[in-house]
Amino acid sequence: MPKLFNIKCPGGCKTLPEGFWSAVDVWVKKPHVVNKRLCGVKETESEDVDTEALRFLLDDPVSELPHDDDDDDVVLSFLNCRVSPEQTHEREKPWSSSVRTFIPKINCYGTNMHKEVILKDFSRQQVTFLPFEEDAEGQVCLKRGNIYQIQLLHQDCEEWSLELHVLNPDAWFSDGVAYPRLPWLSADLLPKLVRWATEYKSSEFRSTLSLLPVEKYSITYQQLKEKYKAMVKVWPEVTDPEKFVYEDVAIATYLLVLWSEERAEKGLTDRQSFVDLGCGNGLLVHILTNEGHPGKGIDVRRRKIWDMYGPQTLLEEKAITPSESFLFPGTDWLIGNHSDELTPWIPVIAARSSYCCRYFVLPCCFFDFYGKYQRRQCKKSQYKEYIDFITEVSQVSGFNTEEDCLRIPSTKRVCLVGKSRSYQVSDEAQAEHRRAHYVQSRQTLDRAAVQGSDIRNDRDCCHGDAEINRTPGSSWGAGFQPRDRVEVIRNCASLPRDFVDGVVLRVANVLLGMSADDDAGMSSTNWNQGGSLSVSEVAGLLEQETLQLLKKECGGLQTLLKNNHQVFRVEGGRVYIRDWRDKKSSRAAAKKKPVAPGALKTRPCWFHDHHRQGCPLQAEHCAFAHGPEDLRPSTRPLKKIKSETI
């Protein structure tokens, strides 16, 4: 049995051997996280098997290689190679067996299905993969040349290693999809298994696409991605087109498959209607409408891209305030895709719209009913705590709530789905009483949080007392503050230039003054880099009036310092003077391209103007202008926005 590769685990690892099986489960259940040509797998339930069951499997009349009983013995020997004869039959059924079917992103196999029998041997700390193919008639062909095994070895007291064994390396076949190359298994898969095994920690959330058939999702996603990829080239917003286009394509895919499964389950023929609350750029509405679902999107602020969709995509510019005026009794589904302050309201609005109304939310920013969400538990991550809060809102609103994880390029990818109610329609009055009481209790908490922390003190977030028993026509969202119609820029970019320059000069002079030597007598090689201060220490240098003005900006003082990255380097909560000679001083500086000969310099060099030794770089190597004669206005024409209808 050839050993192809082995790799040692870090010393002193406390997660083994349990972490090994957790890592194996990632490779078995989610091979797409490593093999990017796969969309996922379908896996059968595991069962314990014995030697006779394996012989039946290995007795393959359609195998691509001629074999006899000796071949079966070779495979069985491969499975039992680390066991002495007296231990071989210690357990009646020593292997836990399951079958996984590969789902490639692009189907290159026609009607043939590529599968693997996975044999886990927990007593020997090894897992074996027996690949086979199944055609449309159910004929099975075992790929004996591609049988491989991963073993966990305990060498010394605390030394562990992983080994990759292959039954017959010379007969190995590779197509890069269901059959990866042997060097890839050695150089890519095995190191990742070691990392997963030694850094093992259980996930707080469900596995990806746990509510959907993965194969159907994969096919639909590839079709939609091809259909809407042209959006990337004509994207007029300032946001990253690839991220937003492909993320919305993935969310649309999820909803289309979810709704397709619902129609099949309930025997429906008409496509579900929808309303997207806080629809933003409207692309999700555009895709769902194009795919045959009647619906519309509502957002407080119109986007430039709305004009590109055409009249069939219904988008309304309107502020949404939770009330009887914003119920949707004729709508099947309400959608909240990064809906911010509307997120906790969506299950409530869906529940009050009609007994048949369902919802889908993808929470992002942390909002309660009447303000920012305030953390109350330190044992969970903030994200997990917020997901649990929205789940609680959904359950109190009367939904059987399901959680899933989307396959999107975002760290906030956990969604909640309410497809059915936990009560009968005749109990609607009691259910509404519970909803109203819960919303009122959250309003009381929000009022206390606002008074205690002075958060959003510029807004009247809690007007009056809420009544527990809501009646039709009542303003049950009183106190809710929708976002402003005009987006307020609060990243320090709109602060007066003189104000920003004054703060920068004050902080930089203090940092430069911390040097022990007199920088006037230093040589260019001993250029004064100054000292460092924590952000809180920097705040102590500024007047109270200045700090109050910065407090109104998102990120405050730290954002201002980071915005002026020409002068400062902010790392680990400390502020330094940036030395542009040091290419490793930050990731941004390391990625910065060298100045091209003849490049336009549209901003003056701060160090040339203010540092006692000037700029540490020569003028031709500095990206900023050394004096007025080096400063040139930009003549680059404004980027034209394509406006053709999609």
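Residues numbered from 1 in each chain as written. Predicted model: local features only at pLDDT ≥ 70, side-chain atom pairs only at ≥ 80, totals over all residues. Heavy atoms only, no water.

(A) Structural context of the nonpolar core. Grouped together as the largest cluster of nonpolar side chains are 44 residues, with contacts concentrated most on Y254, L288 and F360. Put simply, the parts of the chain that give this core at least two residues each are α5 (214-228), α6 (241-266), α7 (283-290), α8 (306-309), β13 (333-337), β14 (358-362) and β16 (414-421). No other element matches α6, which puts 11 residues into this core. Counting 38 residues, the second largest nonpolar core, distinct from the first, contains L277, L327, V348 and F389. (Core = buried A, V, L, I, M, F, W, Y, C linked by side-chain atoms within 4.5 Å. Buried < 20%, exposed > 50% of the residue type's maximum accessible area, 1.4 Å probe, protein only. Helix = DSSP H or I, 4+ residues; strand = E, 2+ residues; numbered from the N terminus.)

(B) How the structure looks around the packing of helix α12 (residues 497-513) against helix α15 (residues 556-563). At a minimum axis separation of 11 Å, α12 and α15 run at an interaxial angle of 85 degrees. Accordingly, the angle class assigned to the pair α12 and α15 is roughly perpendicular. Along its contact with α12, which presents F499, V500, V503, V504 and V507, the element α15 presents L557, L560 and L561. Per-class residue counts for the contact of α12 with α15 are eight nonpolar, no polar and no charged. (Axes fitted to C-alpha atoms, helices over the stretch in contact; angles between N-to-C directions. Parallel < 35°, antiparallel > 145°, perpendicular 65-115°, else oblique. Contact = heavy atoms within 4.5 Å. Nonpolar A, V, L, I, M, F, W, Y, C, P; charged D, E, K, R; others polar.)

(C) Expanded view of the sheet that holds strand β19 (residues 574-577). Pairing is antiparallel across the open sheet formed by three strands, whose spatial order is β17-β19-β18. Every interior strand has two partners, whereas the edge strands, β17 (532-534) and β18 (568-571), have only one. With direction set aside, neighbouring strand axes in the sheet form an average angle of 25 degrees. As defined by bridge partners, β17 adjoins β19 across three bridges and the pair is classed as antiparallel. Residue pairing in the sheet places L533 in a bridge with V575 of β19. Taken strand by strand, α12 contacts β17, β18 and β19, and its axis lies near 80 degrees from that of β19. (Pairing = 2+ DSSP bridges.)

(D) Inspection of the layout of surface pockets at higher detail. One number sums up the size of the second largest pocket: a volume of about 1,500 Å³. Lining the second largest pocket are 40 residues, with V26, K30, V33, T208 and R413 positioned closest to its centre. Contributing elements (two or more residues each) for the lining of the second largest pocket: α1 (18-29), β2 (38-43), α4 (182-198), α5 and α6. Residue classes in the lining of the second largest pocket are distributed as 17 nonpolar, 10 polar and 13 charged. (1 Å grid on protein atoms, 1.4 Å probe; cavity = no way out; pocket = protein on both sides within 12 Å on 5 of 7 lines; lining within 4 Å. Points joined across faces, edges and corners; volume = space filled by probe spheres on them.)

(E) Highlighting α12. The end-to-end C-alpha distance of α12 is 24 Å, a good match for the 24 Å that 17 residues give at a rise of 1.5 Å each. Every buried residue of α12 is accounted for by F499, V500, V503, V504, V507, A508, L511 and L512. (Expected span 1.5 Å × (residues − 1).)

(F) Representation of empty space enclosed by the protein within the structure. Across all of its chains, the model carries two cavities of 30 Å³ or more by this definition. Roughly 70 Å³ of internal volume is contained in the largest cavity. A per-class count over the lining of the largest cavity returns nine nonpolar, two polar and two charged.

(G) Summary view of the packing of aromatic side chains. On inspection of all chains with the given rule, the structure shows 23 aromatic pairs. Centre to centre, the rings of F369 and F389 are 6.3 Å apart; their planes meet at 80 degrees, and the pair counts as edge-to-face. You can see F369 sitting in the loop between β14 and α10 (382-396) and its partner F389 sitting in helix α10, a full 20 residues away along the chain. Through a chain of ring-to-ring contacts, the aromatic side chains of W345, F366, F369, Y370, Y373, Y386, F389 and Y438 assemble into a single cluster. Above the ring of W27, the side-chain terminus of R100 is found at 5.1 Å from the ring centroid. (Phe/Tyr/Trp six-rings, centres within 6.5 Å; stacked < 30°, edge-to-face > 60°. Lys NZ or Arg CZ within 6 Å of the ring centre and 35° of its normal.)

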